[in-house]
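Listed below are the residues making up each chain.
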Amino acid sequence: MGSVEVLKNIFWVGAVDWNIRHFHGFTYSTHRGTTYNAYLIVDKKTALVDSVYAPFAGEMIEKIMEIVDPSEIDYVVANHVETDHSGAISEVLKLTPKAKLVGTARCRDGLQKHYFGDWDFQVVKTGDRIDLGKRSLSFLEAPMLHWPDSMFTYIEEDALLLPNDAFGQHLATSKRFDDEVDEEVLMEEAAKYYANILWPFSKLVVKKIEEVQKLGLKINIIAPSHGIIWRNNPMKIVESYLKWAKGESEAKVLVVYDTMWGSTEKMARSIVEGISSQGLEAILLRLPFSDRGDIIKELLGARGVIVGSSTINNSVIPTLSPLLEEFEGLKPVNKVAAAFGSYGWGGGAVKTIEETFEKAGMKIVAPALTLKWVPDRNELQRCVEFGREFAEKVVET
Ligand SMILES: Cc1cc2nc3c(=O)[nH]c(=O)nc-3n(C[C@H](O)[C@H](O)[C@H](O)COP(=O)(O)O)c2cc1C
Ligand SMILES: [Fe+2]
Ligand SMILES: [Fe+2]
């Protein structure tokens, strides 16, 4: 697959990683692969914005060579230190003797600590501008979106925003633009990406979007560094980010659980029955069958979450622990929660779950439902009631 012209003389020269199924080590599943997007702007001066993960350096350089001799590149902009966008920089810089490497001061320090290179670095900060000829590059620091070093590059002449990780999606496709792919798939991957990568920085997301609005930056195209380019409706993803960051979600309920001998599962199914009897959608996912990254995505869209586990050694089944830890790290806002589970003697699982909810800032709206051993018919009816009452709380919230 060759380069793709995004606008006249602005080329996508990135790489599609069709096979990657785990990102950030094994912390995030990428069922649909990903792309590393780099952009070449050819003008009186030529700039490369971002690069790709190191194994794809050759692919990117080939694409650049179809368009210009790399030795003509004047600027290599590093919006972000992380390896998926900077891995090929060392290779590129070998071919670009006159190029300055451009990024924030933290980016300079971070690249030095990753690659130990002695490069000609130009530090930029918010408001700085580099003229290329017909076009110019402006910079907007965006700390923690995704790392402290992150920044956005903006091309005013085209109202084109190159925000690196922000607004991205892990989606490998031969298509490059939002109007060319299935919208549902696209938004699903965008939501999963937000939930798993940007959720803890939601306050900064809102602030950054408001800053962009205040600066009056016109935006016609958003070209992130993963996935497709938003050219048809760039505001769709901006509005979705605002919604997710503010914790706006649908009145539906995510029920996550694990079980050893099936009692907690019986409870879970009856709880789901109670929720749906109120007309609310319930999503029932069992660990370890469901993937943690997918569960986190479902959590983003659901106002209510119910977690169930039977008790093992006074606590939860360990398959649930990584998810509970992630709740604490993500601190999802505006979520109502409750716990349930079967136990044999002293119990303890629901206490662990409720402690997690508290640490994560999730509001417990119902006392935990615990049942001894195998639930009988009456007890299952109590589970249905539990689900029904929880659904009412979700609607009220
Ligand atoms: C390995 C193991 C450890 C357990 N540890 C505890 C415990 O510490 N406290 C307790 O109340 N029940 C304990 N139980 C009992 C289970 O919680 C009980 O069998 C429960 O009904 C299982 O529900 P499930 O079928 O949903 O897994 C343990 C059971 C197993 C198999
Ligand atoms: Fe990143
Ligand atoms: Fe990234």
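A. Structural context of the overall build of the protein chain. Summing up its helical and strand segments, the protein chain has 12 helices and 22 strands in all. With respect to the principal axes defined by its C-alpha atoms, the protein chain has extents near 80 × 40 × 35 Å. For the protein chain, contacts bridging at least 24 residues in sequence account for 72% of all contacts bridging at least 6. Carbon and sulfur atoms make up 50% of the accessible area of the protein chain, which amounts to about 16900 Å² in all. Within the protein chain, one finds 45 positive and 56 negative side-chain charges whose respective centroids are separated by 3 Å.

B. Seen up close, unusual backbone geometry. Following Leu287, the chain continues to Pro288 via a peptide bond in cis, the omega torsion being 5°. One non-glycine residue, Met144, lies in positive phi territory at about 75°. Looking at where Met144 falls in the secondary structure, it is placed in the loop between β13 (136–141) and β14 (151–155). By relative accessible area, which is 26% here, Met144 ends up partly exposed.

C. Quick peek at the domain arrangement of the protein chain. You can read the domains of the protein chain as domain 1 (4–245) and domain 2 (250–396). Computed from C-alpha atoms alone, the centre-to-centre distance between domain 1 and domain 2 is 38 Å. In this assembly, 14 residues from domain 1 lie in contact with 14 residues from domain 2. Carbon and sulfur atoms make up 62% of the area that domain 1 and domain 2 hide from each other, which totals about 1100 Å². The tally of links between domain 1 and domain 2 comes to two salt bridges. When the shortest N-O distance is used, the salt bridge between Asp294 and Lys192 registers 2.8 Å. For the pair domain 1 and domain 2, the interface holds four residue pairs in polar contact (both at pLDDT 80 or more). Where the side of domain 1 that touches domain 2 is concerned, the elements lending two or more residues are α5 (183–198) and α7 (234–245).

D. Quick peek at the coordination of the iron ion (ligand 3). Protein-derived ligands of the iron ion (ligand 3) are Asp84 (OD), His85 (NE2), Asp165 (OD) and His226 (NE2), with the metal-ligand distances lying across 2.1 to 2.2 Å. Coordination at the iron ion (ligand 3) comes from four donor atoms whose angles at the metal span 83 to 174°, giving a geometry best classed as irregular. Taken in sequence order, the residues that donate to the iron ion (ligand 3) follow the motif D-H-x79-D-x60-H. Given the relative accessible area of 6%, Asp84 is considered buried.

E. Examining the packing of helix α8 (residues 263–277) against helix α12 (residues 377–396) more closely. For the pair α8 and α12, the least separation of the axes is 6 Å and the interaxial angle reads 45°. Accordingly, the angle class assigned to the pair α8 and α12 is oblique. Crossing of α8 over α12 shows right-handed handedness. For the pair α8 and α12, contact is made by Lys266, Met267, Ser270, Ile271, Glu273, Gly274, Ile275 and Ser277 and by Leu380, Cys383, Val384, Phe386, Gly387, Arg388 and Ala391, respectively.

F. Quick look at the packing of aromatic side chains. Per the counting criterion, the structure on display carries eight aromatic pairs. On the basis of an interplanar angle of 40° and a centroid distance of 4.6 Å, the ring pair of Phe167 and Tyr241 is categorised as tilted. You can see Phe167 sitting in the loop between β15 (160–162) and α5 and its partner Tyr241 sitting in helix α7, a full 74 residues away along the chain. Here Phe167 falls in the buried class, since its relative accessible area comes to 5%. Judged by its relative accessible area of 1%, Tyr241 falls in the buried class. Taking the centre distance of 6.1 Å and the plane angle of 55° together, the rings of Trp345 and Trp373 count as tilted. One end of the pair, Trp345, is in the loop between β20 (336–343) and α11 (349–360); the other, Trp373, is in the loop between β22 (369–372) and α12, and 28 residues separate them in sequence. Three or more aromatic residues joined by ring pairs form one cluster here, namely Phe167, Tyr194, Tyr241 and Trp244. Over the aromatic face of Trp12 sits the side chain of Arg176, whose NZ or CZ is 4.3 Å from the ring centroid. Just above the ring of Phe177 sits the side chain of Arg231; from NZ or CZ to the centre is 3.7 Å.

G. Local environment of the sheet that holds β13. As summarised here, the arrangement of the five strands in space is β12-β13-β14-β15-β16, forming an open sheet in which the pairing is mixed. If you trace the sheet from one side to the other, it starts and ends with β12 (129–131) and β16 (221–222), each paired once. Looking at chain direction, β12 and β13 are connected through three bridges and run antiparallel. When the sheet's bridge partners are listed, Arg129 is paired in β13 with Ser138.

H. How the structure looks around helix α4 (residues 105–115). Inspection of α4 places Cys107, Gly110 and Leu111 among the buried residues, and these make up the whole buried set. Projected down its long axis, α4 shows its buried positions confined to an angular sector of 100°, all on one face. Its buried side turned inward, α4 meets α2 (83–86), α3 (89–95), β10 (100–103) and β11 (121–123). At the exit of α4 stands Phe116, carrying a positive phi of roughly 55°.

I. Region of the structure containing the site of ligand 1. Taken together, 18 residues surround ligand 1, and among them Met260, Thr264, Asn314, Ser342 and Gly347 come closest. Backbone polar atom of Trp261 to an oxygen atom of ligand 1: 2.9 Å apart, as the coordinates give it. At a separation of 2.6 Å, an oxygen atom of ligand 1 approaches a polar side-chain atom of Thr264. Here ligand 1, which alone exposes 640 Å², has 84% of that area covered by the protein.

Reading the values: rules and limits
- Residues numbered from 1 in each chain as written.
- Chains lettered and ligands numbered in written order.
- Predicted model: local features only at pLDDT ≥ 70, side-chain atom pairs only at ≥ 80, totals over all residues.
- Heavy atoms only, no water.
- Helix = DSSP H or I, 4+ residues; strand = E, 2+ residues; numbered from the N terminus.
- Contact = heavy atoms within 4.5 Å.
- Areas by Shrake-Rupley, 256 points an atom, 1.4 Å probe, with all protein chains shown as cover.
- Lys, Arg positive; Asp, Glu negative; His and termini not counted.
- Charge placed at Lys NZ, Arg CZ, Asp CG, Glu CD.
- Buried < 20%, exposed > 50% of the residue type's maximum accessible area, 1.4 Å probe, protein only.
- Domains from an automatic or database assignment.
- Buried area = accessible area lost by both parts, 1.4 Å probe.
- Salt bridge = Lys/Arg side-chain N within 4 Å of Asp/Glu carboxyl O.
- Polar contact = N/O pair within 3.5 Å; in protein donor to acceptor, adjacent residues only side chain to side chain.
- Donors = N, O, S within 2.8 Å, 3.2 Å for Na, K, Ca; no water.
- Tetrahedral: all angles 85-135°; square planar, octahedral: opposite > 155°, others 65-115°.
- Axes fitted to C-alpha atoms, helices over the stretch in contact; angles between N-to-C directions.
- Parallel < 35°, antiparallel > 145°, perpendicular 65-115°, else oblique.
- Left-handed = near helix turned anticlockwise from the far one by under 90°.
- Phe/Tyr/Trp six-rings, centres within 6.5 Å; stacked < 30°, edge-to-face > 60°.
- Lys NZ or Arg CZ within 6 Å of the ring centre and 35° of its normal.
- Pairing = 2+ DSSP bridges.
- Arc of directions from axis to C-beta.
- Near = heavy atom within 4 Å.

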